[in-house]
Amino acid sequence: MIKKIEYHIKYINNFKPSNINELNSFKNYYQNKKGVLKLLFNEFKNINNDKKSIGEKINYLKKIIDLKINHYKNIFINEKNDEKKRIDFTLPGYCYNWNGKHPITYVNDQIINIFNNLKFKTVEDREIENDWNNFSALNFKSNHPARDMQDTFFIKHNLEDHRNNIMLRTHTTSVQIRYMCDNKPPFKCITFGKVYRNENISSRSHCFFHQIDGFYVNKKVSFIDLKDTIVYFIQQFFGRNTKFRMRSSYFPFTEPSVEVDILCLLCLGKGCKICKNTGWCEILGCGLIDKNVLNNCNIDSNKYNGFAFGIGVERVASLKYKINDIRLFSENDLNFLSQFNII
Ligand code: DAH
């Protein structure tokens, strides 16, 4: 009988259940009404020799069975609780009760709507551009600083010969070239999308943002047509009484070129961080399309002329909604986004 008990002691010491079912079978095997312990105690009743030592051994066996069962019971219960606490990444996410448009989409739509009212047709094109559409056809000279690595994210870059360079577009003005090369004038188009610049990220600048470019090409387009269009936009977007000014400027693809400012809506002209204490905020660039650009697109610049403009969406959105940090637009903070709960 001693040998039998010792066999069980050895077996129990080596027993390591890997789940609760194995532990339950173990428990049944030893502790059931007809289990090993019961049988051993019955047998013990009928023996006469070595009663003391055999009794002690059976009691020891009973004790290590209890210890084993309690030890593994605790482990399996804790594991089950942990499992309940664990996140199941395959389940659908928690749905925050916000289903509005992103503020950039919302402002983008507003601007496009305003120009659609003036019969500008909306066109879109690619974000990865070649040198011709992003720079050369737009009259950028081969040593223009924008071609530099500092300003542009190049995918393919050859310093000596820029003709085969590939880049993330630095402005949506590239779509102007694509459209003008593929279509016959007159045209009146608006284009929108993301643009990329190799800039340090701060409250005022980011390495990507959104632009809306417009262009109108026809016979006898005048600067007054451009001004009327811009004034209509300012009044519709910012309000009828918005004060604005036009400053002469330079872009390689327009001549003459103009930058348009509005009176800073955050400080109303007093001077603040947003307007760099000038009281004015730049909202767009525009001008009459340079003859070289039209010629580059095989448009007879003696017959046709036109105007173009480019608007920074984050910039006008920041001014209209008094947002002082451009990074908020791309951080996906629901506290910020949900303030635009407009569907
Ligand atoms: N492409 C210019 C920029 O990214 C903006 C711009 C200025 C666009 C004048 C135009 C324009 O179409 O006529 O800064």
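1. Focus: a positive patch on the surface
Now for step 1: On the surface, Arg 204, Lys 273, Lys 276 and Arg 315 cluster together into a positively charged patch.
Now for step 2: On the secondary structure map, Arg 204 appears in the loop between strand 5 (187-196) and strand 6 (208-218).
Now for step 3: A relative accessible area of 39% means that Arg 204 is categorised as partly exposed.

2. Notes on the site of the ligand
Now for step 1: Near the ligand, the surroundings consist of 15 residues, among which His 171, Thr 173, Arg 197, Gln 211 and Asp 213 are the closest.
Now for step 2: Taking His 171, its side chain carries an N or O atom lying 3.0 Å from a nitrogen atom of the ligand.
Now for step 3: Taking Phe 309, its main chain carries an N or O atom lying 3.3 Å from an oxygen atom of the ligand.
Now for step 4: For the ligand, whose free accessible area comes to 360 Å², the fraction covered by protein is 88%.
Now for step 5: Those elements that place two or more of their residues in the shell around the ligand are helix 7 (173-182), strand 6, strand 9 (280-289) and strand 10 (305-312).
Now for step 6: Class assignment of the residues belonging to the shell around the ligand gives a composition of 5 nonpolar, 8 polar and 2 charged.

3. A closer look at the environment of Trp 132
Now for step 1: Looking at the element boundaries, Trp 132 is found in helix 6 (residues 131-134).
Now for step 2: Between the C-alpha atoms of Trp 132 and Arg 163, which are 31 residues apart in sequence, the distance is 7.0 Å.
Now for step 3: Not counting residues up to four positions away in its chain, the partners in contact with Trp 132 are Ala 137, Leu 138, Ile 177, Cys 181 and Asn 296.

4. With respect to the domain arrangement of the chain
It is common to give the size of an interface as the accessible area lost on bringing the parts into contact.
Now for step 1: As far as domains go, the chain holds domain 1 (2-85) and domain 2 (103-337).
Now for step 2: The C-alpha-based centres of domain 1 and domain 2 are spaced at 81 Å.

5. Here we look at the packing of helix 2 (residues 20-31) against helix 4 (residues 51-85)
Now for step 1: It is at 10 Å that the axes of helix 2 and helix 4 come closest, and there the two elements cross at 160 degrees. Classed by the angle they form, the pair helix 2 and helix 4 counts as roughly antiparallel. Every pair of crossing elements has a handedness; the one defined by helix 2 and helix 4 is left-handed. When helix 2 is examined against helix 4, the residues Ile 20, Leu 23, Phe 26, Lys 27, Tyr 30 and Gln 31 are found in contact with a partner set consisting of Ile 65, Asp 66, Lys 68, Ile 69, Tyr 72, Lys 73 and Phe 76.
Now for step 2: Of the residues in the contact of helix 2 with helix 4, the class split is 8 nonpolar, 1 polar and 4 charged.

Rules and cut-offs
- Residues numbered from 1 in each chain as written.
- Predicted model: local features only at pLDDT ≥ 70, side-chain atom pairs only at ≥ 80, totals over all residues.
- Heavy atoms only, no water.
- Patch = residues over 30% accessible without salt bridge, like charges linked within 9 Å, V, L, I, M, F, W, Y side chains within 5 Å.
- Areas by Shrake-Rupley, 256 points an atom, 1.4 Å probe, with all protein chains shown as cover.
- Salt bridge = Lys/Arg side-chain N within 4 Å of Asp/Glu carboxyl O.
- Lys, Arg positive; Asp, Glu negative; His and termini not counted.
- Charge placed at Lys NZ, Arg CZ, Asp CG, Glu CD.
- Helix = DSSP H or I, 4+ residues; strand = E, 2+ residues; numbered from the N terminus.
- Buried < 20%, exposed > 50% of the residue type's maximum accessible area, 1.4 Å probe, protein only.
- Near = heavy atom within 4 Å.
- Polar contact = N/O pair within 3.5 Å; in protein donor to acceptor, adjacent residues only side chain to side chain.
- Nonpolar A, V, L, I, M, F, W, Y, C, P; charged D, E, K, R; others polar.
- Contact = heavy atoms within 4.5 Å.
- Domains from an automatic or database assignment.
- Axes fitted to C-alpha atoms, helices over the stretch in contact; angles between N-to-C directions.
- Parallel < 35°, antiparallel > 145°, perpendicular 65-115°, else oblique.
- Left-handed = near helix turned anticlockwise from the far one by under 90°.

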